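Spelled out, the chains give:
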Amino acid sequence: MLQDSLKEWFGFDTFKPGQEEIINHVLNHTNTLGILPTGSGKSLCYQLPTYINQQPTLIISPLISLMDDQVMQLKLHGERHVCCIHSGMDENERTQNIQQINQSRFIFLSPEFLLQKHNFKLFQHLNIGLIVLDEAHCLSEWGYDFRPHYALVGKIVNHFKKATVLALTATAPSYLTEDLEHMLDQSFHIVKTTMNRNNIALAHKNFANDDEKLAWLLPKLTHSGSTIIYVSSKKMCLYLAQQIYNYGFLTGIYHGDLSYQERHTVQHQFINNEIPIIVATSAFGMGINKKDIRTIIHFHLSTSPSNYMQEIGRAGRDGAQSQAISLYQPDDSYLLETLLFTDIVTTEDVTAFELGEFLPPDKNEIIKTLHSYYSITQLHHIFKTAYKRKQLGYIRMLGYKNLDQCRRAYMIEFFNENLLEKPEQCCDNDSELIEINILNRKKVKRKMNFNEKIQNLFK
Ligand code: ADP
Ligand code: MG
């Protein structure tokens, strides 16, 4: 029985909702899309079938931090047959991992790495039983955007014809299934529980400008527990972190321009509660296995409901009461529009590409990569659709700031889900929310030395 295998391999007595159904489908070689909320045990859905079938599993993963975390979890669990190759590794580590490939049960790779011909040669002979698309929403979110290799995973799946595909995510917009089936040219069975996380209370506040936002935010941080503050630019990331630091809290920053080592360090300090607050762009969070994050603040709105649900989903993985508060001031919409619509590939760009006209190198590269798999007609359709989706998501987020109905219902309706039961701490439109009251330690003032004390006397 499946339950016995669960006990044998993981020591758990019961499955979490959705797990058993997904695993049964995978064991029956049915391609499956599993939509289960953050922290609900999605990894086990591929780990258990791997142990049962005794065939290697290929896990396609979007981020280094996510791969590192999963590898660490597996190793902690006593699994030695794991390998992972990514750009954050030094030459030594990379060579060691390449040597491990043939003995590995779990192989973690990014689509960019795998799709390079000389890399693919390292894997093509393997008898892969299961291909996992972890954080599968990335296919829709990024495949037609700055990570076109995501839209080419069909090439990998086509090569391993006998392998079953398991796509896993916490947030699936209705078009994800369509994209998956299109990109992989295969059909998928969907197992969905809910995207709703009842232990995260939702609130939103409107302000006249950033100074007002800041004046509200700083005192709030005194008792917000472990907190992530999302901002939409690196500049704001630095500015805000400085303000919070000046106010008295140790604060980390995290954005895409930091080195792998810097990101790694700040992430660990946050996970180990050495710093209570982190100010980050959307680059932060996926794969951060910290269970006691209590507060997520969006200093700027997210660009889509999908991103918003992902980002707030990082709170309260331990099940305890948590909160997600978004802030807005009128200039923000300009910022969001710039972020969303500047530099995106349009159907005009596809035409220019077809005619061999000049295109900025980034755009050219994206279209060229996709054109290795999709026709020009398909590309026109793809970018038209991608634009419409961005617009739809953006409008939904703008609606959130003026909402007078239940925020939770509004959010999950976007994903074709109805709210069946409201938690007591639902949202600020439904009831007065109780404050999270977990004090954040202020930074310790360094003791002055003798000379400084003397100088201070005469200031
Ligand atoms: P997700 O990918 O859905 O965010 P993870 O796979 O990281 O979640 O799992 C979250 C936690 O749940 C892990 O600590 C894992 O060990 C635990 N877990 C998974 N399945 C079960 C289960 N059946 N019973 C108890 N704990 C489980
Ligand atoms: Mg996961």
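Reading guide: rules and limits
- Residues numbered from 1 in each chain as written.
- Chains lettered and ligands numbered in written order.
- Predicted model: local features only at pLDDT ≥ 70, side-chain atom pairs only at ≥ 80, totals over all residues.
- Heavy atoms only, no water.
- Near = heavy atom within 4 Å.
- Polar contact = N/O pair within 3.5 Å; in protein donor to acceptor, adjacent residues only side chain to side chain.
- Areas by Shrake-Rupley, 256 points an atom, 1.4 Å probe, with all protein chains shown as cover.
- Nonpolar A, V, L, I, M, F, W, Y, C, P; charged D, E, K, R; others polar.
- Salt bridge = Lys/Arg side-chain N within 4 Å of Asp/Glu carboxyl O.
- Buried < 20%, exposed > 50% of the residue type's maximum accessible area, 1.4 Å probe, protein only.
- Helix = DSSP H or I, 4+ residues; strand = E, 2+ residues; numbered from the N terminus.
- UniProt positions renumbered as here; feature names shortened; annotations may be inferred.

## Here we look at the site of ligand 1
- Taken together, 15 residues surround ligand 1, and among them T14, Q19, G39, K42 and S43 come closest.
- Between ligand 1 and S40 there is a distance of 3.2 Å, counted from an oxygen atom to a backbone nitrogen or oxygen.
- Against a free-state accessible area of 580 Å², the protein chains account for coverage of 75% of ligand 1.
- When grouped by side-chain class, the residues that make up the shell around ligand 1 number 4 nonpolar, 7 polar and 4 charged.

## Quick look at the pattern of salt bridges
- In total, this model carries 15 salt bridges according to the counting rule given.
- As a salt-bridge pair, K7 and D13 come within 2.8 Å of each other at their nearest N and O atoms.
- Look at K7 and you get partly exposed, because its relative accessible area is 45%.
- Accessibility expressed as a relative area gives 51% for D13, which makes it exposed.
- With a shortest N-O distance of 3.6 Å, E413 and R396 are connected by a salt bridge. Of this pair, E413 sits in helix α19 (residues 407-413) while R396 is found in helix α18 (residues 376-401), placing the two residues 17 residues apart along the sequence.

## With respect to the UniProt feature "domain: Helicase C-terminal" (unreviewed entry) in the chain
- Within this numbering scheme, the UniProt entry marks residues 213-367 as carrying the feature "domain: Helicase C-terminal" (unreviewed entry).
- Across residues 213-367, the secondary structure splits into 43% helix and 15% strand, with the terminal C-alpha atoms separated by 40 Å.

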